[in-house]
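Chain by chain, the residues run as shown.
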Amino acid sequence: QSQLVESGGGLVPPGGSLRLSCAASGFAFSRSDMGWHRQVPGKERELVAFISKSGGITTYADSVKGRFTISRDNTKMTVYLQMMNLKPEDTAVYSCSRWPWGTLWGQGTQVTVSS
C-alpha cells in the first residue's frame, strides 16, 4: 500500500536548522505533487510548502518564506524540507502528503524549537 514516512525532527534552539525527509513508497511518486504541512494541537493543519511533480514549481506559506526550502529526489522517492532560522512558532508536528491533500499522510515528525 501507499506509504509516507517522515524523519528528521527533533529539538533545536531558536535560530537553528533541521532537514526533514519524507520517504514514499507504493505509488507513482514522480507523478505526484507533494507538500509539507504542520499542525499544532487545537489548530488546523497548515500547508507550509508545495512542490510540483518534477520540482520545477515551489510555493511557501508567508510564515516560512525565505527560511524553508522544499526539494525532492524522484529517484530516491523522497521529498525534503530544509528549515533554517527556526523560530519557536515553528514548533509543530510536520507531515508530508501527496495531492489531493488529506488522502495520504505520513505519521508526522515532531519539531520543537526551544532553548
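Above: the structure in question.
Definitions and cut-offs
Residues numbered from 1 in each chain as written. Predicted model: local features only at pLDDT ≥ 70, side-chain atom pairs only at ≥ 80, totals over all residues. Heavy atoms only, no water. Core = buried A, V, L, I, M, F, W, Y, C linked by side-chain atoms within 4.5 Å. Buried < 20%, exposed > 50% of the residue type's maximum accessible area, 1.4 Å probe, protein only. Helix = DSSP H or I, 4+ residues; strand = E, 2+ residues; numbered from the N terminus. Contact = heavy atoms within 4.5 Å. Disulfide = S-S within 2.5 Å.

Draft legend 1. Spatial organisation of the nonpolar core. Counting residues in each nonpolar core, the largest one holds 27 residues, and the members touching the most others are L4, W36, V79, L81, M83 and Y94. Of all the secondary structure elements, the ones that give two or more residues to this core are β3 (18-25), β4 (34-39), β5 (46-51), β7 (68-73), β8 (78-83), β9 (92-98) and β10 (109-113). When residues of this core are assigned to their parent elements, the largest contribution, 4 residues, is made by β3. Non-local contacts of V79, meaning those with residues more than four positions away in its chain, are made with L20, S21, C22, F29, M34, W36, I51, I70, S71, R72 and C96.

Draft legend 2. Highlighting the state of the cysteines. Under the counting rule described, the total for this entry stands at 1 disulfide. Covalent S-S linkage joins C22 and C96, the inter-sulfur distance amounting to 1.8 Å. Because the torsion about its S-S bond is 55°, the bridge between C22 and C96 counts as right-handed. Of this pair, C22 sits in strand β3 while C96 sits in strand β9, and the two are 74 residues apart along the sequence. For the residue pair C22 and C96, the accessibility class agrees, reading buried in each case.

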